[in-house]
Amino acid sequence: MKKYWLAAFIMLYAIGSQAQNDLGNADDAARIAITAYVDSDLGFNHEVSKQLRNKMNAILTKQGLAGSKNQRFIITANADILSEDVVVTTKEMYQYQLEVHFIIGDGIDGIKFATASQTVQGLGETKAAAYLQAIRKIKPSDPAFQNMVNEAKTKIIEYYNSKCDFIISEAKTLADKQEYDAAIYKLMSVPDVCKDCYDKCMAAVAPIYQSKIDDEGARLLAEARAIWAAGQNAEKGEEAGAILAKINPSSKSYAEAIAVSNEIAKRIKEIDQREWDFALKQQQDEVDIQKANIKAMRDIGVAFGENQQPITYNIRTWW
């Protein structure tokens, strides 16, 4: 069973990744994930920082990339003041002309990939209001941003393909230490537009996920057995059953979980003269199992990435 589902898993991914040569309308698994990042040392106030992040995320979405937290690759921005004037009409107004620079790069290694700039102007009753209005005028659909994204995308794909063996080696080391979620996150972070590396990572992630659910299944089974052994009655049966229900049907402990469940049901019928109606997760057909496991691995990767501490990016030389 295990060998079959691993083979089917790899086949499903291979079919799904055929002809993934560009982003187009690809789903989230195909998209290169980039973090929109505003350096706090630049001194922007909260509203300006928020607006810049919104604009950068809009650029990513427009160009078919995925915005996400804690990614190696980032889009960031800074602004030069080209002019600052006081305009007097019925009241005093402030006017800024800004050149806003955007950069996509490897925020950990500190390597710039591509840049684009846009000049905008804002008018407001305060300097902060004028500055914010200027930022709001940035147009994410500007062709300059498309060129920037295309150039960066090529370099990100080159990064993954050149570092692929190292990525897989790191993931296997994490898995050997039973840091399964971190390993899965590392492998699932490779988008399928990076086809060569993606295929290798998908081949590597399936057995790691299997090890994870096998270890979890063994732990849950032992926990359920201990609860049931402590007092073979309806109350303990319900507690043990709730634990057994968490065991993944693809785990090698699943058959034993069924045996324990049957044992509990038999004993409760003997002592209470009633049926025990606690049901375990049911095995599905192989295609459904693969889809469920693929979704589970994606969810593990997303959750792990979202819960990491913010990365300190190395971008001091970018401006």
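Above this note sits the structure.
Residues numbered from 1 in each chain as written. Predicted model: local features only at pLDDT ≥ 70, side-chain atom pairs only at ≥ 80, totals over all residues. Heavy atoms only, no water.

Asks: Could you clarify how one ought to interpret the environment of Ser 162 in this entry?
Replies: Tracing the backbone through its elements, the reader meets Ser 162 in helix H4 (residues 143-176). Taking the relative accessible area as the measure of exposure, Ser 162 reaches 58% and is therefore exposed. Within the structure, Ser 162 has its side chain in polar contact with the backbone oxygen of Tyr 159 (distance 3.0 Å). (Helix = DSSP H or I, 4+ residues; strand = E, 2+ residues; numbered from the N terminus. Buried < 20%, exposed > 50% of the residue type's maximum accessible area, 1.4 Å probe, protein only. Polar contact = N/O pair within 3.5 Å; in protein donor to acceptor, adjacent residues only side chain to side chain.)

Asks: I tried to follow the side chain of Ser 253 on my own but got confused; where do I start?
Replies: Structurally, Ser 253 is set in the loop between helix H7 (234-244) and helix H8 (254-272). Of the residues examined, Ser 253 reaches a relative accessible area of 5% and is grouped as buried. Once you skip the residues sitting within four places of it in the chain, Ser 253 turns out to touch Asp 214, Gly 217, Ala 218 and Leu 221. (Contact = heavy atoms within 4.5 Å.)

Asks: Is there a simple way to explain the pattern of salt bridges in this structure?
Replies: Pairing between side chains becomes possible if they bear opposite charge and their charged atoms approach one another. For the coordinates displayed, the defined rule picks out 17 salt bridges. With a closest N to O distance of 2.5 Å, Glu 125 and Lys 91 form a salt bridge. Pair noted here: Glu 125 is in the loop between strand E5 (111-124) and helix H3 (127-136) and Lys 91 is in the loop between strand E3 (73-88) and strand E4 (92-106), with a separation of 34 residues, a long-range link. Through salt bridges with shared partners, one network takes in Asp 39, Asp 41 and Arg 316. (Salt bridge = Lys/Arg side-chain N within 4 Å of Asp/Glu carboxyl O.)

Asks: Honestly, the packing of helix H6 (residues 195-230) against H8 in this entry has me stumped. Any pointers?
Replies: Between two packed helices, both the angle of their axes relative to each other and the distance between the axes serve to describe the pair. Between H6 and H8, whose axes approach to 10 Å, the crossing angle comes to 15°. Between H6 and H8, the angle falls in the class roughly parallel. Considering only the axes of H6 and H8, their crossing is left-handed. Along the contact surface, H6 presents Leu 221, Arg 225 and Trp 228, while H8 presents Glu 256, Ala 257, Val 260, Glu 263, Ile 264, Arg 267 and Ile 268. In the contact of H6 with H8, the residues fall into six nonpolar, no polar and four charged. (Axes fitted to C-alpha atoms, helices over the stretch in contact; angles between N-to-C directions. Parallel < 35°, antiparallel > 145°, perpendicular 65-115°, else oblique. Left-handed = near helix turned anticlockwise from the far one by under 90°. Nonpolar A, V, L, I, M, F, W, Y, C, P; charged D, E, K, R; others polar.)

Asks: Just checking my understanding: could you explain the environment of Ile 81 for this structure?
Replies: One can find Ile 81 in strand E3. You can call Ile 81 partly exposed: its relative accessible area is 45%. Each C-alpha atom of the pair Ile 81 and Gln 97 lies 6.1 Å from the other, and the pair is 16 residues apart in sequence.

Asks: Got a minute to help me understand the state of the cysteines in this structure?
Replies: Such a bond, covalent and formed between the sulfur atoms of two cysteines, is termed a disulfide. This structure, assessed with the given rule, holds one disulfide. Considering cysteine sulfurs only, Cys 197 is the nearest to Cys 201, which forms no disulfide, with 3.8 Å between them. On the basis of relative accessibility, which here comes to 0%, the residue Cys 201 falls in the buried class. (Disulfide = S-S within 2.5 Å.)

Asks: When you look at unusual backbone geometry in this model, what are you seeing that I'm missing?
Replies: Notably, Asn 70 is not glycine yet its phi reads approximately 55°, a positive angle. With respect to the helices, strands and loops of the structure, Asn 70 is situated in the loop between strand E2 (66-67) and E3. Located in the positive-phi region is Gln 178, a residue other than glycine, with phi close to 65°.

Asks: Hey, could you run me through the packing of aromatic side chains in this one?
Replies: Two aromatic rings are characterised by how far apart their centres lie and by the angle between their planes. What the rule picks out here adds up to nine aromatic pairs. When the ring of Phe 73 is compared with that of Phe 113, the centres are 5.9 Å apart and the planes differ by 40°; the resulting orientation is tilted. Of this pair, Phe 73 sits in strand E3 while Phe 113 sits in strand E5; the two residues are 40 residues apart in sequence, bridging distant segments of the chain. Centre to centre, the rings of Tyr 96 and Tyr 131 are 5.4 Å apart; their planes meet at 75°, and the pair counts as edge-to-face. Taken together, the residues span a long stretch of sequence, with Tyr 96 in strand E4 and Tyr 131 in helix H3 at a distance of 35 residues. Residue Tyr 131 is classed as buried on the basis of its relative accessible area of 13%. Among the aromatic residues, those joined into a ring-pair cluster are Phe 73, Phe 113, Tyr 159 and Tyr 160. (Phe/Tyr/Trp six-rings, centres within 6.5 Å; stacked < 30°, edge-to-face > 60°.)

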